[in-house]
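# Chains, contacts and geometry: an overview
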Amino acid sequence: MSKKANPTLVGAFILIALCLALAAVVILGKIKFKDNRLHCVAFFTGSLYGLDVGAPVTFRGVTIGRVSAVRISFDKQKKDYLIPVYIDIEQRPVLSGEKQDEWQPEKIRAMFQHLIDKGVRAQLKITSLLTGKLYIDLAFFPDTPITRYRTDDTYLEIPTQPSGLEQITQKLEK
């Protein structure tokens, strides 16, 4: 006859297994309980063929975020289609004298708003001529006007600048 199982030992085994399963889901699923990303939007009027969700967003050659969604919407006032591209800025800047723990999305938002006022614009760039994949580059264009498409404050709106190919096409059309 076999020995009866110890209920305390079985309960402890099940509890440890549940904790390990939960830890595996959190670690492997990259679940974040605190969202420190800055959510932005940039409205493009031209074609976004080649821009995919997950495409990098760079600032001076450094990847600071990713494209999280690409939608299409109709602007009733201008009677034209706009393409909002939603961006998640993930990298927090490290400045001398500042602790990384003190950087919250509100501080990053204020810093980006200052950069936008100084002339930062989003522009489409080609990753590879062979594949035609696009990415978004944030660069300074201080003499360009700011065009706003949205009035709500849910997302920080980054103004856009036509890409080099788009500028050539616009000049040829004129």
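Scroll up for the structure.
Calculation notes
- Residues numbered from 1 in each chain as written.
- Predicted model: local features only at pLDDT ≥ 70, side-chain atom pairs only at ≥ 80, totals over all residues.
- Heavy atoms only, no water.
- Helix = DSSP H or I, 4+ residues; strand = E, 2+ residues; numbered from the N terminus.
- Buried < 20%, exposed > 50% of the residue type's maximum accessible area, 1.4 Å probe, protein only.
- Contact = heavy atoms within 4.5 Å.
- Areas by Shrake-Rupley, 256 points an atom, 1.4 Å probe, with all protein chains shown as cover.
- Pairing = 2+ DSSP bridges.
- Phe/Tyr/Trp six-rings, centres within 6.5 Å; stacked < 30°, edge-to-face > 60°.
- Patch = residues over 30% accessible without salt bridge, like charges linked within 9 Å, V, L, I, M, F, W, Y side chains within 5 Å.
- Salt bridge = Lys/Arg side-chain N within 4 Å of Asp/Glu carboxyl O.
- Polar contact = N/O pair within 3.5 Å; in protein donor to acceptor, adjacent residues only side chain to side chain.
- 1 Å grid on protein atoms, 1.4 Å probe; cavity = no way out; pocket = protein on both sides within 12 Å on 5 of 7 lines; lining within 4 Å.
- Points joined across faces, edges and corners; volume = space filled by probe spheres on them.

What follows covers the overall build of the protein chain. Looking only at helices and strands, one finds 3 helices and 8 strands in the protein chain. Ordered by position from N to C terminus, the α and β elements of the protein chain give α-β-β-β-β-β-α-β-β-β-α. Here the protein chain holds 174 residues, and 29% of them are scored as buried. A sequence separation of at least 24 residues applies to 58% of the contacts in the protein chain between residues at least 6 apart. Accessible surface, the protein chain: about 12400 Å² in total, of which carbon and sulfur atoms supply 59%.

In this section: the pairing of strand β1 (residues 38–44). Remember that side chains alternate between the two faces of the sheet whenever the strand is regular. The element β1 is largely enclosed, with a buried count of 6 among its 7 residues. Pairing analysis gives 7 bridges linking β1 to strand β5 (residues 80–89), with the strands arranged antiparallel. Among the inter-strand pairings, Val 41 is bridged to a residue of β5, identified as Tyr 86. Judged from the 2 bridges that link them, β1 and strand β8 (residues 156–157) form a sheet pairing that is parallel. In the sheet register, Val 41 faces β8, and the bridge partner there is Glu 157.

On to the pairing of strand β2 (residues 56–59). For β2 and strand β3 (residues 62–70), the ladder comprises 4 bridges, and the chain directions are antiparallel. Counterpart to Thr 58 in the pairing with β3 is Thr 63. A loop of 2 residues connects β2 with β3, the two strands running antiparallel in sequence, and Arg 60 in this loop sits at a positive phi of about 55 degrees.

A word on the packing of aromatic side chains. In the structure shown here, the tally under the stated rule is 2 aromatic pairs. Centroid distance Phe 59 to Phe 140: 6.0 Å. Interplanar angle 65 degrees. Geometry classified as edge-to-face. In this pair, Phe 59 sits in strand β2 while Phe 140 sits in strand β7 (residues 134–140), placing the two residues 81 residues apart along the sequence.

With that settled, the discussion passes to a nonpolar patch on the surface. On the surface, a nonpolar cluster with roughly 420 Å² of combined accessible area is contributed by Val 10, Phe 13, Ile 14 and Leu 18. Tracing the backbone shows Val 10 in helix α1 (residues 7–28). Overall, the relative accessible area of 40% leaves Val 10 in the partly exposed class.

Attention now goes to the pattern of salt bridges. Here the structure, examined in full by the defined rule, presents 2 salt bridges. With its nearest N and O atoms 3.8 Å apart, the salt bridge here joins Asp 137 to Lys 125. Of this pair, Asp 137 sits in strand β7 while Lys 125 sits in strand β6 (residues 120–126), and the two are 12 residues apart along the sequence.

Here we take up the side chain of Gln 123. Mapping Gln 123 onto the fold places it in strand β6. A polar side-chain atom of Gln 123 sits 2.8 Å from the main-chain carbonyl oxygen of Pro 162.

Turning to the layout of surface pockets, a few remarks are in order. If you add up the space inside the second largest pocket, you get close to 300 Å³. If you trace the second largest pocket, you find 16 residues lining it, with Thr 147, Tyr 149, Thr 160, Gln 161 and Pro 162 closest to the centre. Every element with two or more residues in the lining of the second largest pocket is listed here: β1 and α3 (164–173).

In this structure, Thr 58 sits in strand β2. Judged by relative accessible area, Thr 58 falls into the buried class, the value being 8%. Contact partners of Thr 58, with chain neighbours within four places excluded, come to Thr 63, Ile 64, Tyr 135, Ile 136, Asp 137 and Leu 138.

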